[in-house]
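# Structure assessment
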Amino acid sequence: MRYNVDVVRIRENTITLNGWVIGKTPEDQAEFAVEDADHKPVDFRYVSTRRDDVSHIYFKEILDKDFGFDIQFDYERGKDYYLIIRCGGRRARIKYNEEMIMRRSSVAYKRRQKIKDLMNMETVRVAMDFWKDNGLKALILKSKHKLQGIDNDYDYGEWYELTKPTEEELERQRAESFDYSPRLSIVIPAYKTPERYLREMLQSIEAQTYKNWEVCVADGSPRGESSERLLRRFAERDQRFKYVILGENKGIAGNTNAAMEMATGDFIVLADHDDTLPPHALYECVKAINSDPEYDVLYSDEDKLDMDGKALFDPHFKPDFNPDLLTSVNYICHLFVVNRELVEAVGGFRQEFDGAQDYDFIFRCTEAARKICHIPKVLYHWRCHQNSTASNPESKMYAFEAGTRAIQAHFDRMGIGVESIEKGVDFGIYHTRFVLKGQPLVSVVIPNKDHTQDLDTCIRSLIERGTYPNLEFIVVENNSTDQGTFVYYDKIQKEFPNVQVVRWEKGFNFSAINNFGVQFAKGEYLLFLNNDTEIIEPDVIQEMLGYCQREDVGIVGARLLYQDDTIQHAGVVVGFGGIAGHTFIGLHKAENSYFHRAMCAQDYSAVTAACLMTKRTLFDQVGGFTEELAVAFNDIDFCMKIRSLNKLVVYNPYALLYHYESKSRGLEDTPEKVARFNREIAIFARRWPDILKNGDPFYNPNLTLRKSNFALRDLKKEKIGEPYRLEIDVEK
């Protein structure tokens, strides 16, 4: 017999135990009992649960067995209780009392338990596969990151308890009166819903601090299996609950549309039948609506709720509206609120997209919305169970294929040509390749001082291994001292007629050097490239150009790796390190990042100029790089200038290169360099005060600025909602 009690909780004089048990074979049945210290039986409530994770580890061919358990029993303070488990001819007797359970909630215990949870055959199997695919060094690095995560200051449940509204705040919300109090219609499609789950959803709506709402439930369950009795009870005591029993399943889209047809509200709120809302969810939505009458679409952060509804986990803290991230993954999901007039204009859910019907609906709504509001608070608890695409791999292909069609339909409406939409790093993550408009000339601008071996590797990788044919290279010679460098220049220009070397004879100024190089460029597109880079993917140029040719895009950046295959650049967040920094630094290319963000094409505030593509027309329009910023932050500043034209800055992870960083330039290791660096910080802060004060719109304020891995914000050092505070004397 093998078993594990994963979760132990005390709630209002009740002990709850969640775990799993298996015997030698899948057919071995587990039996349970609860006793007190005198071996007398104690009444308990037992529910079996499906545990696919256990099935995959021990019985890979078995996918539908209930190896899990959920046991509850009442307890008296100061008394001991024992859980008895029998299975496969074995017996276990496990002691529980209040003191032991409270000790289990300590940070130290949780860390030990996390380490213990990693010690199983599934971890070994995953580790061996990772080792085989990526090597020992990569496995060691991944293990180090896992252990560092175990040592985080908070687990999410604790963090949520510390940040959620207090009872006093909820009372204040109930008493608040808005200038505009729209009716919110919460539409819920139901189908064979477990009564307990639907009841918890409806009760969570009853508990809302904002009261001008209605609930519209359309139940498509087969006759005799509907939730009519439960729905009638809610409707009889509160007229805001409305429902229709369809008598047949019209699919997710059809059932949702039937619920929408009952709606009379000013805004539609989408919710699933087995999830829950925190009590301040609707209040926060109405508060946001009152802040700007042009908000047609609103969405919030979310987390997941376990089967018994008592534990929260896996929070998704999202960026503000990010159109390219949305075409990589349906990151918006829940809570989703949309102006009813907009729904009437774009139409409801479409049956042909069942499996990704919400994805298609979100695309159509966001395309037509006047303004889109992201509320950076967890306003939705998504119950994760075996029928959810979050935990059941078998259901993912169906949703993935529907999602592909939803993305294609979106680009068709936008008039953007798509060559293909492929599976990304996982199902539900998409890689779009765009149709190129011809083969325009791309001018590659590379500053260089000596380091001819690096430069040669850089140029040859694009010419000999790259697959884009129409390139020119402008190498900006910057005060080289090695005579061999000039011999190399002569040689490379004779070998490749599309390579041109121009001489910059003033002092080092990254901005001025690149601006100088552009004067010699003939291309419609500019690619700024460091001399210490080397392409990995042959179609790097096509990947970047596909985005850069779009009218709404101004800049495209790449994913850059150090020589050891760890991430050097995967986008830039303004605020990291006080001013700006790269995301996911040091993460191995094969490791999972926060919601796969390192492997999703998306919009950021900035990307590094170590590999940056832009349109020549836009470069000229903003005056190129700001020469006042000679060394630091000039690329971030350039991105900010392009964004001020209402153009997007896109990070494309499929444009992949090595960056053997900082071989050409020393560290800020002298008093003069440090003074210059601090001076440029002040210049940047003076030029872009709003984003430094209010925060990066493509990063979530609930996440830390102290690390690049999108960890939870440290409540001891970074207050939630607190703006970026930069101790900079701008005048100095």
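Up top you'll find the structure we're talking about.
Residues numbered from 1 in each chain as written. Predicted model: local features only at pLDDT ≥ 70, side-chain atom pairs only at ≥ 80, totals over all residues. Heavy atoms only, no water.

This paragraph deals with the pattern of salt bridges. Using the criterion set out here, one finds 42 salt bridges in the structure. Measuring nitrogen to oxygen at the nearest pair gives 2.8 Å for the salt bridge that ties Arg199 to Glu195. Of this pair, Arg199 and Glu195 both sit in helix α8 (residues 195-206), 4 residues apart, which is roughly one turn of that helix. The exposure class of Glu195 is partly exposed, given its relative accessible area of 29%. Taken together, the salt bridges that share partners define one network made up of Glu195, Arg199, Arg229 and Arg233. (Salt bridge = Lys/Arg side-chain N within 4 Å of Asp/Glu carboxyl O. Helix = DSSP H or I, 4+ residues; strand = E, 2+ residues; numbered from the N terminus. Buried < 20%, exposed > 50% of the residue type's maximum accessible area, 1.4 Å probe, protein only.)

With 12 of 12 residues buried, strand β29 (residues 648-659) lies mostly within the body of the structure. Pairing geometry for strand β22 (residues 533-535) and β29, over 3 bridges, is antiparallel. When the sheet's bridge partners are listed, Ile535 is paired in β29 with Leu657. Taken together, the 8 bridges between strand β23 (residues 553-561) and β29 define a ladder with parallel strand orientation. Counted as the bridge partner of Ala558 is Asn652 from β29. Judged from the 2 bridges that link them, strand β27 (residues 602-603) and β29 form a sheet pairing that is antiparallel. (Pairing = 2+ DSSP bridges.)

Here we come to the sheet that holds strand β7 (residues 90-96). What the 3 strands build is an open sheet, ordered β3-β6-β7; its pairing is antiparallel. At either margin of the open sheet sits one strand with a lone partner, and together these are β3 (31-36) and β7. Each adjacent strand pair in this sheet contributes to an overall mean axis angle of 20 degrees, direction not counted. Bridging between β3 and strand β6 (residues 81-87) involves 6 bridges; their strand directions are antiparallel. Bridged to Phe32 within β6 is Ile85. (Axes fitted to C-alpha atoms, helices over the stretch in contact; angles between N-to-C directions.)

So, on to the packing of aromatic side chains. Within the structure shown, the criterion is met by 38 aromatic pairs. Judged by centre distance (5.1 Å) and plane angle (85 degrees), the rings of Phe576 and Tyr699 are edge-to-face. Of this pair, Phe576 sits in the loop between β25 (572-574) and β26 (580-582) while Tyr699 sits in the segment after α23 (689-694); the two residues are 123 residues apart in sequence, bridging distant segments of the chain. Considered together, Phe576 and Tyr699 belong to a single accessibility category, that of buried residues. Measuring from centroid to centroid gives 5.6 Å for Phe619 and Phe638, while their planes differ by 55 degrees, and the two rings are tilted. (Phe/Tyr/Trp six-rings, centres within 6.5 Å; stacked < 30°, edge-to-face > 60°.)

What follows covers the nonpolar core. If you look at the biggest cluster of nonpolar residues, it comprises 85 residues, and the most contacted ones within it are Phe336, Val338, Phe361, Val442 and Met544. Excluding anything up to four places from it in sequence, Val442 contacts Tyr468, Asn470, Leu471, Glu472, Tyr525, Leu527, Ile541, Leu545 and Met613. Residues Ile474, Val622, Phe625 and Ile681 belong to the second largest nonpolar core, which totals 65 residues. (Core = buried A, V, L, I, M, F, W, Y, C linked by side-chain atoms within 4.5 Å. Contact = heavy atoms within 4.5 Å.)

Quick look at the packing of helix α16 (residues 452-465) against helix α17 (residues 483-495) now. The contact between α16 and α17 brings their axes to 11 Å, and the two run at 15 degrees. By the angle class used here, α16 and α17 are roughly parallel. For α16 against α17, the interelement crossing comes out right-handed. When α16 is examined against α17, the residues Thr452, Leu455, Asp456, Ile459 and Arg460 are found in contact with a partner set consisting of Thr485, Tyr488, Tyr489, Ile492 and Glu495. (Parallel < 35°, antiparallel > 145°, perpendicular 65-115°, else oblique. Left-handed = near helix turned anticlockwise from the far one by under 90°.)

Relative to the assigned elements, Ser300 resides in strand β12 (residues 295-305). Note on Ser300: relative accessible area 1%, which makes it buried. When near neighbours in sequence (up to four residues on either side) are disregarded, Ser300 contacts Lys318, Ile332, His334, Leu335, His374, Ile375, Lys377, Leu379 and Tyr380.

For helix α9 (residues 228-237), every residue scored as buried is listed here: Leu230, Leu231 and Phe234. For α9, the buried positions fall inside an angular range of 95 degrees around the axis, keeping them on one side. When the buried face of α9 is taken as reference, the exposed residues oriented beyond 90 degrees from it are Arg229 and Glu236. (Arc of directions from axis to C-beta.)

Backbone phi values are negative for most residues with the exception of glycine, while trans is the configuration of most peptide bonds. With an omega of -15 degrees, the peptide bond running from His334 to Leu335 counts as cis. Among the secondary structure elements, Leu335 is positioned in the loop between α12 (323-328) and β14 (336-339). Of note, Asn479 is a non-glycine position whose phi angle comes to about 60 degrees, a positive value. Mapped onto the secondary structure, Asn479 falls in the loop between β19 (471-478) and α17. The class of Asn479 is partly exposed, set by a relative accessible area of 32%. If you check the backbone angles, Phe633 has positive phi at about 65 degrees while not being a glycine. Mapping Phe633 onto the fold places it in the loop between α20 (616-621) and α21 (634-643). Given the relative accessible area of 12%, Phe633 is considered buried.

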